[in-house]
Amino acid sequence: MTEIIAHRGASRDAVENTLEAFALAVAMGVEGIELDVRRTRDGCLVVHHDARLEGGAAIIDLDRRDLPDHIPDLHDALVACTSTGAAVEVTVNIEIKNDSGEPDFDDTRSIAPGVVHAALAVDGPHRWLISSFDLAMVDAVLATGAGIATAWLVVEVPAGAVGLLAERGHRALHPWVGALVRPTVDECHASGIAVNTWTCDDPERI
């Protein structure tokens, strides 16, 4: 089954990771929307891909009120992604950014419960898929017991990754399309693990 997932919303026709991009994606009839979440200095959850703004300031060093107006709160973004009137019920992939090389890295994974709470305040667990390149982060999401599906983002698939995900109870693997091979897909499916690759825009490759 092939699903159309709007990467950071309808990012070709609107500024990525904005309320406009999410609302436009819903209007286009996509099956899913992917977005990125980070936290500010005062603990707000906001949607932005990079750790820094264009001018170089780190989001983690700024309070919510200091951010540009186009950067939405996570709650508002999730509401925009799940607005009524959509042709299909849109699944939302919330990627939690937590890279050890970036200024907002959190080795306690304390953002996980807040992201879960924000999601469940908008809709039930069936609507969400929470992912991260940080496996410990998706472990922390799973540990909340909220029942939200979790996924591990990778570039290349490490040896033993599929078995590890199945053992821990994660539901999906998100590998880079350039490193994705058929045996990985087959192994995942045999273990009940979904495969959501990023980012594939080529019809023949799809």
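Residues numbered from 1 in each chain as written. Predicted model: local features only at pLDDT ≥ 70, side-chain atom pairs only at ≥ 80, totals over all residues. Heavy atoms only, no water.

*Asks:* How do you make sense of the overall build of the chain when you look at a structure like this?
*Replies:* A count of helical and extended segments in the chain gives six helices and eight strands. Sequence-ordered secondary structure for the chain, helices as α and strands as β, is β-α-β-β-α-β-α-β-α-β-α-β-α-β. Against the compact-globule benchmark of 17 Å for 206 residues, the chain has a radius of gyration of 16 Å, which places it among compact chains. Taking the principal axes of the C-alpha coordinates as reference, the chain spans close to 45 × 40 × 30 Å. Residue burial in the chain is summarised as follows: out of 206 residues, 45% are buried. A separation threshold of at least 6 residues defines the contact pool for the chain, and within that pool the share at least 24 residues apart is 52%. Carbon and sulfur atoms provide 51% of the accessible area of the chain, an area that totals close to 10,200 Å². Averaged over its 15 positive side-chain charges, the chain has a centre that lies 2 Å from the centre of its 33 negative ones. (Helix = DSSP H or I, 4+ residues; strand = E, 2+ residues; numbered from the N terminus. Rg over C-alpha atoms; globule rule 2.2 N^0.38 Å. Buried < 20%, exposed > 50% of the residue type's maximum accessible area, 1.4 Å probe, protein only. Contact = heavy atoms within 4.5 Å. Areas by Shrake-Rupley, 256 points an atom, 1.4 Å probe, with all protein chains shown as cover. Lys, Arg positive; Asp, Glu negative; His and termini not counted. Charge placed at Lys NZ, Arg CZ, Asp CG, Glu CD.)

*Asks:* Looking at this structure, how should I read a nonpolar patch on the surface?
*Replies:* Taken together, the side chains of Phe133, Val155 and Trp176 make up a nonpolar region of the molecular surface, amounting to roughly 270 Å² of accessible area. Relative to the helices and strands, Val155 is located in the loop between β6 (149-154) and α5 (161-168). (Patch = residues over 30% accessible without salt bridge, like charges linked within 9 Å, V, L, I, M, F, W, Y side chains within 5 Å. Salt bridge = Lys/Arg side-chain N within 4 Å of Asp/Glu carboxyl O.)

*Asks:* I keep staring at the pattern of salt bridges and nothing clicks. Help me out?
*Replies:* What the rule picks out here adds up to 14 salt bridges. Here Arg38 ties to Asp104 by a salt bridge, and the two come within 2.7 Å at their closest N and O atoms. Of the two residues, Arg38 sits in strand β2 (residues 32-39) while Asp104 sits in the loop between β4 (91-96) and α3 (111-120), which places them 66 residues apart along the sequence. Residues Arg38 and Asp104 agree in their burial class; the two are buried. In this structure, Arg127 and Asp123 form a salt bridge, with 3.0 Å as the shortest nitrogen-oxygen distance. Relative accessible area serves as the criterion here: at 9%, Arg127 is assigned to the buried category. It is possible to trace a salt-bridge network through shared partners that takes in Arg8, Glu16, Asp36, Glu95 and Lys97.

*Asks:* Just checking my understanding: could you explain the side chain of Ser131 for this structure?
*Replies:* Here Ser131 shows up in strand β5 (residues 128-132). Sequence-distant contacts of Ser131, defined by excluding residues within four places in its chain, comprise Asn93, Ile94, Glu95, Ile96, Val138, Ala151, Leu153 and His174.

*Asks:* What's the story with helix α6 (residues 182-190) in this structure? I'm lost.
*Replies:* Note on helix geometry: an α-helix contains 3.6 residues per turn, so any two residues three or four positions apart are oriented the same way. Within α6, the full set of buried residues consists of Thr184, Val185 and Cys188. Angularly, the buried residues of α6 cover 100 degrees about the axis, an arc narrow enough to put them on a single face. Away from its buried face by more than 90 degrees, α6 exposes Arg182, Pro183 and Ala190. As for α6, its buried residues are in contact with α5, β7 (172-175) and β8 (194-195). Positive phi shows up at Gly192, right after α6, with a value of about 75 degrees. (Arc of directions from axis to C-beta.)

*Asks:* Where do I start with the packing of helix α1 (residues 19-28) against helix α2 (residues 74-81) in this structure?
*Replies:* Packed helix pairs are specified by the crossing angle of their axes together with the interaxial distance, meaning the distance between the axes. The geometry of α1 relative to α2 is characterised by a closest axis approach of 8 Å and an angle of 20 degrees between their N-to-C directions. The pairing of α1 with α2 is recorded here as roughly parallel in orientation. Along this stretch, α1 crosses α2, giving a crossing that reads as right-handed. Mapping the contact onto sequence places Leu19, Phe22, Ala23 and Val26 in α1 and Asp76, Ala77, Ala80 and Cys81 in α2. Its residues assigned to classes, the contact of α1 with α2 comprises seven nonpolar, no polar and one charged. (Axes fitted to C-alpha atoms, helices over the stretch in contact; angles between N-to-C directions. Parallel < 35°, antiparallel > 145°, perpendicular 65-115°, else oblique. Left-handed = near helix turned anticlockwise from the far one by under 90°. Nonpolar A, V, L, I, M, F, W, Y, C, P; charged D, E, K, R; others polar.)

Everything listed here is a matter of geometry and, on its own, says nothing about what the molecule does.
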